[in-house]
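Geometric and topological summary
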Amino acid sequence: TTLMKCMIVLSVSVFIFIVTVDVPMYITRYKEEDPSQYLSLGDGLYDASFGWKVARDFDRWREEVAWMTGYFSFAVWGCLAVAMVVPRGNVD
């Protein structure tokens with residue numbers, strides 16, 4: 001069906017994006033990081049619970065924009081579209 005073909009194309013596209021953009025970005029970050037700056041489990045849980053800092057500087061988010069836009073925009077709208085179409089049986 002048309003919906004299934006579109007989903008396959010989109011899934012393959014996301015996979016290619018992750019392998020060619022996200023994975024190399026995170027590997028580079030990992031290699032550049034100083035392990036002595038890692039938080040302990042307790043400190044990490046505390047930081048995740050109470051240490052929120054709003055960063056409005058776009059440069060801090062520049063590398064994340066591509067996947068965040070895709071994930072928090074297109075993926076959400078795509079899931080909603082599938083949820084609207086599939087229960088009705090309109091999968092063509």
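Residues numbered from 1 in each chain as written. Predicted model: local features only at pLDDT ≥ 70, side-chain atom pairs only at ≥ 80, totals over all residues. Heavy atoms only, no water.

**Some points on the overall build of the protein**
Let me state the cut-off plainly: Secondary structure follows DSSP: runs of H or I at least 4 residues long count as helices, runs of E at least 2 residues long count as strands, and numbering of each begins at the N terminus. As defined in this context, the radius of gyration uses C-alpha atoms, and a globule is described by 2.2 Å times the residue total to the power 0.38. Partly exposed describes any residue whose relative accessible area lies between the buried limit of under 20% and the exposed limit of over 50%, with all areas from a 1.4 Å probe on protein chains only and scaled to the type maximum. Every accessible area reported is derived by Shrake-Rupley at a probe size of 1.4 Å, with residue values counting cover from the shown protein chains alone. Counted as positive: Lys and Arg. Counted as negative: Asp and Glu, with His and the chain ends omitted from the count. In plain terms, the charge of a residue is placed at NZ if it is Lys, CZ if Arg, CG if Asp and CD if Glu.
Looking only at helices and strands, one finds 4 helices and 0 strands in the protein. Helices and strands appear in the protein in the N-to-C order α-α-α-α. At 19 Å, the protein has a C-alpha radius of gyration far larger than the 12 Å of a compact globule built from 92 residues. Here the C-alpha coordinates of the protein stretch approximately 55 × 30 × 25 Å along the principal axes. A buried classification covers 3% of the 92 residues belonging to the protein. Counting every atom, the protein has about 8200 Å² of accessible surface; 68% of that belongs to carbon and sulfur. When the 8 basic and 11 acidic side-chain charges of the protein are each reduced to a single mean position, those positions are 8 Å apart.

**Let's talk about the packing of helix α1 (residues 2–32) against helix α4 (residues 65–85)**
Heads up, the condition is: Axes here mean lines fitted to C-alpha atoms, for a helix over just the part in contact, with angles spanning 0 to 180 degrees between N-to-C directions. Throughout, the term roughly parallel applies to angles under 35 degrees, roughly antiparallel to angles over 145, roughly perpendicular to angles from 65 to 115, and oblique to all others. Crossings are sorted by hand: turned counterclockwise from the far helix by less than a right angle, the near helix makes the crossing left-handed, and turned clockwise it makes it right-handed. Any two residues having at least one pair of non-hydrogen atoms within 4.5 Å are treated as being in contact. Any residue that is not Ala, Val, Leu, Ile, Met, Phe, Trp, Tyr, Cys, Pro, Asp, Glu, Lys or Arg is counted as polar, Gly included; the first ten are nonpolar and the last four charged.
Relative orientation of the contacting elements α1 and α4 amounts to 160°, with a least axis distance of 13 Å. Considering the angle they form, α1 stands roughly antiparallel to α4. The element α1 and its partner α4 pack so that their crossing is left-handed. Listed contacts from α4 to Leu-3, Met-7, Phe-17, Asp-22 and Tyr-26 of α1 are Ala-66, Trp-67, Val-82 and Val-85. When the residues that make up the contact of α1 with α4 are grouped by side-chain class, the tally is 8 nonpolar, no polar and 1 charged.

**Structural notes on the confidence of the model for the protein**
Using the following cut-off: pLDDT is a per-residue confidence score from the predictor, ranging from 0 to 100.
Mean pLDDT for the protein: 82, with 92% of residues reaching 70 or above. When pLDDT is averaged over each helix and strand of the protein, the minimum, 80, is found for α4 and the maximum, 90, for helix α2 (residues 41–50).

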